[in-house]
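So you can see what is in the structure, the chains are spelled out below.
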Amino acid sequence: MKSAKKPEGLDLTCLTEEDKVKLEIAEEIGVFDKVVAGGWRCLSARESGRIGGILSRRRRQERAQKSESVKTGESLSDCGCDPAGTD
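One structure accompanies this document, and this report is about it. Values in this document were obtained by computation on a predicted structure and should not be read as measured data. Once a new chain begins, its residue numbering starts again from 1 and follows that chain's sequence as written. Only residues with pLDDT of at least 70 get local features here, since the model is predicted, and only at 80 or more are side-chain atom pairs given and counted; chain-wide, interface and lining totals rely on the full set of residues. Side-chain figures throughout are based on the complete set of non-hydrogen atoms in the structure, without hydrogens or water.

## Considerations on helix H1 (residues 17-29)
Then comes step 1: Put simply, DSSP H or I for four residues or longer makes a helix, DSSP E for two residues or longer makes a strand, and each gets a number counted from the N terminus. Expected span of a helix: the number of residues minus one, times 1.5 Å. Between the first and last C-alpha of H1 there are 19 Å, a value that for 13 residues agrees with the 18 Å anticipated at 1.5 Å per step.
Then comes step 2: Looking at H1, one finds that the buried residues are Asp19, Lys22, Leu23, Ile25 and Ala26. Summarising the axial view, the buried residues of H1 lie within an arc of 160°, below the 170-degree limit, and thus occupy one face. Across from the buried face of H1, at angles greater than 90 degrees, the exposed residues are Glu17 and Glu27.
Then comes step 3: In the core, the buried residues of H1 are packed alongside helix H2 (32-38) and helix H3 (45-71). Summary of the burial criterion: residues with accessible area below 20% of their type's maximum are buried, those above 50% are exposed, and those between are partly exposed, where the area comes from a 1.4 Å probe applied to protein chains only. Of all possible arcs, the one meant is that of the directions from the helix axis to the C-beta atoms. Should any heavy atoms of two residues lie within 4.5 Å, those residues are considered in contact.

Below you can see the structure in the form of structure tokens.
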């Protein structure tokens, strides 16, 4: 017995945070309509790789910004804590 095929397209009502970012990137590179109509599997390997590459770059930049803010002590002063521990 064959299983029912999944419906074509992408359900925009229940997206993970990662899917939201991927859709944002897809819109930037001009394949948003293609993804909405046929789902992620309708993309070529090149398009998928481009989305993955941009996603990876953004994550690296976010990590670098977070680590830079920790190095400069911004995160401690932003939280209202006394870094010397003399509250």
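## Some details on the nonpolar core
Then comes step 1: Counting 9 residues, the largest nonpolar core consists of Leu23, Ile25, Ala26, Val31, Val35, Leu43, Ile51, Ile54 and Leu55.
Then comes step 2: Residue assignment for this core shows that the elements contributing at least two residues are H1 and H3. Here, nonpolar core means buried Ala, Val, Leu, Ile, Met, Phe, Trp, Tyr and Cys residues that are tied together by side-chain atoms lying within 4.5 Å of each other.

## A closer look at the environment of Glu18
Then comes step 1: Here Glu18 is to be found in helix H1.
Then comes step 2: Judged by relative accessible area, Glu18 falls into the partly exposed class, the value being 39%.
Then comes step 3: C-alpha of Glu18 to C-alpha of Leu55: the two residues are 37 residues apart in sequence and 9.0 Å apart in space.
Then comes step 4: Ignoring any residue separated from it by four or fewer positions in sequence, one finds Glu18 in contact with Leu55 and Arg59.

## What about the packing of H1 against H3?
Then comes step 1: Axis angles are defined between N-to-C directions and span 0 to 180 degrees, where every axis is a line fitted to C-alpha atoms and, for a helix, only to the segment in contact. As a packed pair, H1 and H3 sit with axes 10 Å apart at the nearest point and diverge in direction by 115°. Viewed along their axes, H1 and H3 form a crossing whose handedness is right-handed. From H1, Glu18, Val21, Lys22, Glu24, Ile25, Ala26, Glu28 and Ile29 reach across to H3, where they touch Glu47, Arg50, Ile51, Ile54, Leu55, Arg58 and Arg59.
Then comes step 2: Under the grouping applied here, Gly and all other residues not named as nonpolar or charged are polar, the nonpolar ones being Ala, Val, Leu, Ile, Met, Phe, Trp, Tyr, Cys and Pro and the charged ones Asp, Glu, Lys and Arg. For the contact of H1 with H3, a count of residues per class yields 7 nonpolar, no polar and 8 charged. Crossings are assigned a handedness: left-handed for a near helix turned anticlockwise from the far helix by less than a right angle, right-handed for a clockwise turn.

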